[in-house]
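Overview (structure and organization)
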Amino acid sequence: MPFADLAGLAAHYRVDGREGLPSLVLLNSLGTDCRIWDDLASALRGRFRFLRYDQRGQGLTDSPAGPYSIRQHAGDLLALLDRVDWGPTVLCGLSIGGMIAMDACRQRPEAVRGLALADTCDVIGPRAIWDERMRQVRASGLGSLAGRVTERWFGTTFRQSRPTAARGWANLLARAPVEGYLGSCAALRDADLRDAVPGLGVPTVCICGSEDAATPPAEVRDLASRLPDAAYAEIERAGHLAPVERPGRFAEILVPFLEDRLGS
C-alpha cells in the first residue's frame, strides 16, 4: 500500500496497469475516496495505466486542519505526479476532482494531455449552501447528511434497484474524516474557476448524469461550451456520481474520446 510524502502530507495512492499503456489519473469526489473508481478501472483494465489517490482529508491520506482550497488540492496532485514520475497525462475528475483537474491544468498545462470532467463545473453551488452544510456537519456529524446526499449522488433507478449499494456508499460518507470533509467543503465554497476556463486549451470531454441535481446537465453543458476544445456527453438514468453508478456507459464515452482525440 504505497504512500507519498507531499511536503509533509502523507498521501495514499494506487497505481494499476502495466508500464507503457496510456496514462490516466482518476480524481474522486467529496466525501469518498479512491475506491469509487474500482468498477471503472475494471471496465478499462488492460487499456490504461491508472493513478488514483485519496485527496487530503480523505481515505488514508492525512486530514490536516482546514480550510483547504482547490489550488492547494491541485498542488497536492502535481506534487504526486512528480513524486511517482508520471509524465503528461489525462486527468479524469469527478465533482471536486474535476475542479482540481482544471486548476492543475491551469497551473501546469504541460503536464496535462486532456481532461475528462465528470459532473463538475467551474463554480459549484452558492456559498450559502456550503456554509449551511458545514454548520450541519459540525452540529450533527456526517451521518446526518448521508440519506440526503446519497439521493443527490445517485439517480432514481440506482436507488430503487440497488438499495444495499446505496446504503454502502452512504456508509463511506458517514465514516469520512470530518475535518477533511469540512476542509474540502470550504474549498468548494470558495472556488471560482470561471476566469481559468477560457485558457484550458487541451482536448476535453464533459460528462454528466441526466439526473444530477448537484451539477445539473445544463450547467455542465454550459461549461463545455465555454472551454476552447470540449465535447459534452450525458449519461441517462444517472445522478451526480455517474461513473460510479454506470461505469460501463462512462467507459463507452471516455474510451472513444481518449482514442480519437488523444490517440491513446
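Procedures and definitions
Residues numbered from 1 in each chain as written. Predicted model: local features only at pLDDT ≥ 70, side-chain atom pairs only at ≥ 80, totals over all residues. Heavy atoms only, no water. Helix = DSSP H or I, 4+ residues; strand = E, 2+ residues; numbered from the N terminus. Buried < 20%, exposed > 50% of the residue type's maximum accessible area, 1.4 Å probe, protein only. Contact = heavy atoms within 4.5 Å. 1 Å grid on protein atoms, 1.4 Å probe; cavity = no way out; pocket = protein on both sides within 12 Å on 5 of 7 lines; lining within 4 Å. Points joined across faces, edges and corners; volume = space filled by probe spheres on them. Nonpolar A, V, L, I, M, F, W, Y, C, P; charged D, E, K, R; others polar. Salt bridge = Lys/Arg side-chain N within 4 Å of Asp/Glu carboxyl O. Pairing = 2+ DSSP bridges. Right-handed = clockwise from strand over helix to strand, strands pointing away. Axes fitted to C-alpha atoms, helices over the stretch in contact; angles between N-to-C directions. Parallel < 35°, antiparallel > 145°, perpendicular 65-115°, else oblique. Polar contact = N/O pair within 3.5 Å; in protein donor to acceptor, adjacent residues only side chain to side chain.

The subject of this paragraph is the side chain of Asp103. Topologically, Asp103 is positioned in helix H3 (residues 96-107). Relative accessible area serves as the criterion here: at 1%, Asp103 is assigned to the buried category. Among all residues touching Asp103, those that are not within four sequence positions of it are Ile70, Arg71, Ala74 and Leu193.

Applying the stated criterion across every chain, the model contains one cavity of 30 Å³ or more. In this model, the largest cavity occupies a volume close to 30 Å³. Lining the largest cavity, in full, are Leu6, Leu9, Ala11, Tyr53, Asp54, Gln55, Arg56, Thr61, His73 and Asp76. Those elements giving two or more residues to the lining of the largest cavity turn out to be strand E2 (9-16) and helix H2 (70-83). The residue makeup of the lining of the largest cavity, split by class, is four nonpolar, three polar and three charged.

This part covers the pattern of salt bridges. Counted according to the given criterion, the structure contains 19 salt bridges. The shortest N-O distance in the salt bridge between Glu259 and Arg47 comes to 2.4 Å. Within this pair, whereas Glu259 is found in helix H11 (residues 247-262), its partner Arg47 is found in the loop between helix H1 (38-43) and strand E4 (49-53), the two being separated by 212 residues in sequence. Between Arg106 and Asp103 there is a salt bridge, with its nearest N and O atoms 2.5 Å apart. Within this pair, Arg106 and its partner Asp103 are both found in helix H3, separated by three residues, close to a single helical turn. Ionic contacts of the salt-bridge type, sharing partners, join the residues Arg14, Asp16, Asp38 and Arg52 into one network.

Bringing the pairing of strand E7 (residues 204-209) into the picture now. On a regular strand, each side chain points to the face opposite its neighbour's, so the side chains alternate between the two faces of the sheet. Burial of E7 is extensive: six of the six residues sit out of reach of the surface. With burial as the criterion, each face of E7 is covered, one bearing Thr204, Cys206 and Cys208 and the other bearing Val205, Ile207 and Gly209. Looking at chain direction, strand E6 (residues 112-118) and E7 are connected through four bridges and run parallel. Note on E7: the bridge partner recorded for Ala116 is Val205. Across six bridges, the pairing between E7 and strand E8 (residues 230-235) is parallel. Residue pairing across strands places Cys206 opposite Tyr232, the latter belonging to E8. In this region the chain leaves E7, passes through helix H9 (residues 217-226) and returns to the parallel neighbour E8; the handedness of that crossover is right-handed.

A word on the packing of H2 against H3. Think of two packed helices as two axes; the pair is described by the angle between the axes and how far apart they sit. At their nearest, the axes of H2 and H3 sit 8 Å apart, and the two run at 70° to each other. Considered as vectors, H2 and H3 are oriented roughly perpendicular to each other. Here H2 contributes Ile70, Arg71, His73, Ala74, Gly75, Leu77 and Leu78 to the contact with H3, which in turn contributes Ile96, Met99, Ile100, Asp103, Ala104, Arg106 and Gln107. Of the residues in the contact of H2 with H3, the class split is eight nonpolar, three polar and three charged.

This brings us to the sheet that holds strand E5 (residues 89-94). Taken in spatial order, the eight strands of this open sheet run E1-E2-E4-E3-E5-E6-E7-E8, and their pairing is mixed. Strands with a single pairing partner mark the edges of an open sheet, and in this sheet they are strand E1 (3-6) and E8. On average, adjacent strands in this sheet sit at an angle of 25° to one another, irrespective of strand direction. Pairing of strand E3 (residues 23-27) with E4 involves four bridges; the strand directions are parallel. Within the sheet, the bridge partner assigned to Leu24 lies in E4 and is Phe50. Lying on the sheet, H2 is in contact with E1, E2, E3, E4 and E5; it crosses E1 at an angle near 120°.

Within this model, the largest pocket holds a volume of roughly 340 Å³. As for the largest pocket, its lining consists of 21 residues, of which Ile124, Trp130, Arg133, Arg152 and Ala214 are closest to the centre. Looking at the lining of the largest pocket, the elements with two or more residues in it are helix H4 (127-140), helix H5 (146-153) and helix H8 (178-190). In terms of residue count, the dominant contributor to the lining of the largest pocket is H5 (four residues). Residue composition of the lining of the largest pocket, by class: 13 nonpolar, four polar and four charged.

In this section: the side chain of Thr215. Residue position: Thr215 is located in the loop between E7 and H9. Judged by its relative accessible area of 0%, Thr215 is buried. Reaching out from Thr215, the side chain makes a polar contact with the side chain of His240 at a distance of 3.4 Å. Contacts of Thr215, omitting those with residues within four sequence positions, involve Asp119, Thr120, Cys121, Ile124, Cys208, Val220 and His240.

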